[in-house]
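# Inside the fold
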Amino acid sequence: MAYITVTDLSLGYESHVIVKNLDFSVNKGDYLCIVGENGSGKTTLMKTLLHLREPMSGQIVTGDGLKRNEIGYLPQQTEVQKDFPASVYEIVLSGCQGRLGLRPFYSSEEKKLARENMERMGIAGLEKRSYRTLSGGQQQRVLLARALCATRKVLLLDEPVAGLDPVVTMQMYDLIEELNREGITIIMISHDIEAAAKYASHILHIGDKIFFGTRKEYLEGEMGRLFANKREGGERNNG
């Protein structure tokens, strides 16, 4: 059974429907990119997958041993969040909150996990630094380490490279790809269809038209051809 199965899902606010009749599934090891125009419902979908928002209709079923608290989440950052005064170590360790249950303090195992994930993300030397003093790329690595403390199975990433320069963007994509190769299932919202076409195993395109399938099916289908035409037109204009 799939980790996540979405059936006949409709999303929106009050009586306003943003997207409807959504069907897709996510299996262990997938790298799913969710793409579409601004306002098409991508972030609303992700919050619904996290059970932070109720769907208007339809259902989301988890399976293959995946539990609700085994999904790590890297949201889009606000300017206020970027100025958060806690230390890097405190923020990464807070990713273990879902493991605490009724315990008031983190265990030595959880502290070890936080340090391992900082090492994994290349930020071990920053653990005492204030989060607010870090660069955008460093902050995203901190949040990714935090999300990894919450899961060994599934990561939901909402525009993880937004606002980063091209070099740091490529470093972040490489990190995410490596995590996927290690067996972590990735669900990522991206405005960058070119990156989705490069890294994703599957693509969900939402908007006036909905597509769900493999990267190959996407690129060989109508939407992929439209993307290719836009890219070629942009390259000619830039040339």
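Scroll up a little and you will see the structure.
This is a predicted model, so every value here is computed, not measured.

### So, the overall build of the protein
- Tallying secondary structure elements over the protein gives 10 helices and 9 strands in all.
- Relative to the compact-globule value of 18 Å for 239 residues, the protein shows a C-alpha radius of gyration of 18 Å, a close match.
- With respect to the principal axes defined by its C-alpha atoms, the protein has extents near 50 × 45 × 35 Å.
- In the protein, buried positions account for 45% of the 239 residues.
- In the protein, once contacts between residues fewer than 6 apart in sequence are set aside, the share between residues at least 24 apart is 68%.
- Computed over 30 positive and 31 negative side-chain charges, the inter-centroid distance for the protein is 4 Å.

### Describing the pairing of strand 2 (residues 16-26)
- Pairing analysis gives 7 bridges linking strand 1 (residues 4-13) to strand 2, with the strands arranged antiparallel. The residue of strand 2 that forms the bridge with Val6 is Phe24.

### Describing unusual backbone geometry
- One non-glycine residue, Asp64, lies in the positive phi region at around 55°.
- Turning to its location among the elements, Asp64 is positioned in the loop between strand 4 (57-62) and strand 5 (71-74).
- Note on Asp64: relative accessible area 42%, which makes it partly exposed.

### Quick word on the environment of Leu134
- For Leu134, the location among the structural elements is in the loop between helix 5 (108-120) and helix 6 (136-150).
- Taking the C-alpha atoms as reference, Leu134 lies 30 Å from Leu49; in sequence the two are 85 residues apart.
- Leu134 has contacts with Val88, Leu126, Arg129, Gln139 and Val142, leaving out every residue within four places of it along the chain.

### Notes on the sheet that holds strand 9 (residues 211-214)
- Spatially, 6 strands are ordered 5-6-7-3-8-9 in an open sheet, and the strand pairing comes out mixed. Strands with a single pairing partner mark the edges of an open sheet, and in this sheet they are strand 5 and strand 9. With direction set aside, neighbouring strand axes in the sheet form an average angle of 15°.
- Bridge count for strand 8 (residues 202-205) against strand 9 is 4 bridges, and the pairing is antiparallel. Directly across from His202, in strand 9, lies its bridge partner Thr214.
- Lying on the sheet, helix 1 (residues 42-49) is in contact with strand 3 (31-35), strand 5, strand 6 (154-158), strand 7 (185-189) and strand 8; it crosses strand 6 at an angle near 150°.

The rules behind these values
Residues numbered from 1 in each chain as written. Predicted model: local features only at pLDDT ≥ 70, side-chain atom pairs only at ≥ 80, totals over all residues. Heavy atoms only, no water. Helix = DSSP H or I, 4+ residues; strand = E, 2+ residues; numbered from the N terminus. Rg over C-alpha atoms; globule rule 2.2 N^0.38 Å. Buried < 20%, exposed > 50% of the residue type's maximum accessible area, 1.4 Å probe, protein only. Contact = heavy atoms within 4.5 Å. Lys, Arg positive; Asp, Glu negative; His and termini not counted. Charge placed at Lys NZ, Arg CZ, Asp CG, Glu CD. Pairing = 2+ DSSP bridges. Axes fitted to C-alpha atoms, helices over the stretch in contact; angles between N-to-C directions.

Treat this as a map of the structure, not an account of what it does.
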